[in-house]
Amino acid sequence: MNVLYLSEIHFRGNHAGTKARNDAEVILRQSGARPINTRVLELQENQYGEIRSNIVNRFGFIRYYLDLFSARNETVIVQYPMLAFDIQFDYIRKLTKHNRVIFLVHDIQSLRREGQSGLEQEVQILNLAYGLIVHNRFMEQKLKQIGVCVNRFYRLNCFDYLFNGTINHAPIYTDIVFAGNLEKSEFLLKMCAENPGLSFRFYGPGWRDAPNLSNADYSGNFGPDEIPGKLQGKYGLIWDGKTTSGCSGAVGEYTRINNPHKMSLYIVAGLPVIAWINSAIAEFIHQNQIGITVDCIDNLQDTLTTVSDSQYQNMRSNVLRLRDGLISGGHLRSILDVIREELPE
């Protein structure tokens, strides 16, 4: 019995597709899995950024469902959450009736929101699956705690990041690199002001010039398949929330169970990382010796002075060791091997 997957390239229109989702589909296909859907389904994005069907698409859904429900007694991998959010419960319920469905979890959306709205419904959807590919053991523990009960958990531990370009080997003049949505990263300016002895370089959308910060430079916004070769600095920073004294709020709490795709980006770019000491990835960072963890980022310059040149070079060597696995899809491929070993005869 082969592994099948729900292809997202057959969703057409503006949607929230990301590098991690696209890479997962490439890895699935290259690993011999085949899509169960072959027809294109038109989707439209509403004013809230959610993808919802409309009356024009009804005939498209009928043709699309004919493909989907032809699968019987198969193991099907579905990326979660699905792109068509308003049909996912009904669709998954029908698909799981005749197949063994495994969710590749990218995000648990209700746990990212203040007040965790929608949590009960999300637990219901997750419980339809046979198994879940989760970020790490902390996410597994949290899901069990909130009522998710499935037959099998698989831990990804780090997202793959397919990349066939070259990384920047120019001399390093910048201490800290941060790549992401700069407008929502409210801690950045305060971090720069509180660490005048460090230099910072930012990448991503939403940058607003701060002429009073002589130690910060903006280096542009690049696509996910280009940016690993553009990052130039000594460390890559992984931080979320509003403050420099810890990752706060619902988003900050989410880092306790989440593996940010940003960590994979930094590894592929050859950068040791800096992360919150209470984040889920702190364990991965320490186990693989690829960076440092801190409780706050308002005294980074003091922390970095304690890192010797030999310690830094060791971290960088470990990053480059992990890099080969990420750019070839090694983490997801390993899980697919386990899933295939467990397939019924």
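Residues numbered from 1 in each chain as written. Predicted model: local features only at pLDDT ≥ 70, side-chain atom pairs only at ≥ 80, totals over all residues. Heavy atoms only, no water.

A. Representation of the sheet that holds strand β8 (residues 100-105) in the model. What the six strands build is an open sheet, ordered β3-β1-β7-β8-β9-β10; its pairing is parallel. Looking at which strands have only one partner, the edges of the open sheet turn out to be β3 (34-35) and β10 (152-155). As paired strands, strand β1 (residues 3-5) and β3 are joined by two bridges and run parallel to one another. The residue bridging Y5 from the neighbouring strand is P35, located in β3. Contacts from helix α5 (residues 119-126) reach β7 (75-80), β8 and β9 (131-134) within the one sheet, and its direction differs from that of β7 by about 160°. Each of β8, β9 and β10 touches helix α6 (residues 137-145); the most contacted strand, β10, lies at about 155° to it. (Pairing = 2+ DSSP bridges. Helix = DSSP H or I, 4+ residues; strand = E, 2+ residues; numbered from the N terminus. Contact = heavy atoms within 4.5 Å. Axes fitted to C-alpha atoms, helices over the stretch in contact; angles between N-to-C directions.)

B. Representation of the pattern of salt bridges in the model. Inspection of the entire model under this criterion finds 11 salt bridges. Ionic pairing is found between E140 and R155, a salt bridge with its closest N-O pair at 2.8 Å. Taken together, the residues E140 in helix α6 and R155 in strand β10 connect sequence positions 15 residues apart. (Salt bridge = Lys/Arg side-chain N within 4 Å of Asp/Glu carboxyl O.)

C. Here's a closer look at the sheet that holds strand β13 (residues 216-218). If you trace the six strands from one edge of the open sheet to the other, you get β13-β12-β11-β14-β15-β16, paired in parallel fashion. Where the open sheet ends on each side, the last strands, each with one partner, are β13 and β16 (291-294). Across the sheet, the mean angle from the axis of one strand to that of its neighbour is 25°, orientation sign disregarded. In this structure, strand β14 (residues 235-238) lies alongside strand β15 (residues 273-276), joined through three bridges in parallel fashion. Counterpart to G236 in the pairing with β15 is V273. Packed on one face of the sheet, helix α10 (residues 281-288) meets β14, β15 and β16 and runs near 140° to β16.

D. Region of the structure containing the packing of aromatic side chains. Taken as a whole, this structure holds seven aromatic pairs when the rule is applied. Each ring, one from F178 and one from F187, has its centre 5.5 Å from the other, and the planes form 90°; the classification is edge-to-face. The same class applies to F178 as to F187, namely buried. Centroid distance Y235 to Y312: 5.3 Å. Interplanar angle 75°. Geometry classified as edge-to-face. On the criterion of sequence distance, the pair formed by Y235 in strand β14 and Y312 in helix α12 (residues 309-327) is long-range, its members being 77 residues apart. The class of Y235 is buried, set by a relative accessible area of 2%. What links up through ring pairs into an aromatic cluster is the set F200, F202, W207 and Y218. Here R100 stacks its cationic end above the ring of Y130, 4.2 Å away from the centre of that ring. A cation over a ring is seen here: K234 above Y312, with NZ or CZ 5.1 Å from the ring centre. (Phe/Tyr/Trp six-rings, centres within 6.5 Å; stacked < 30°, edge-to-face > 60°. Buried < 20%, exposed > 50% of the residue type's maximum accessible area, 1.4 Å probe, protein only. Lys NZ or Arg CZ within 6 Å of the ring centre and 35° of its normal.)

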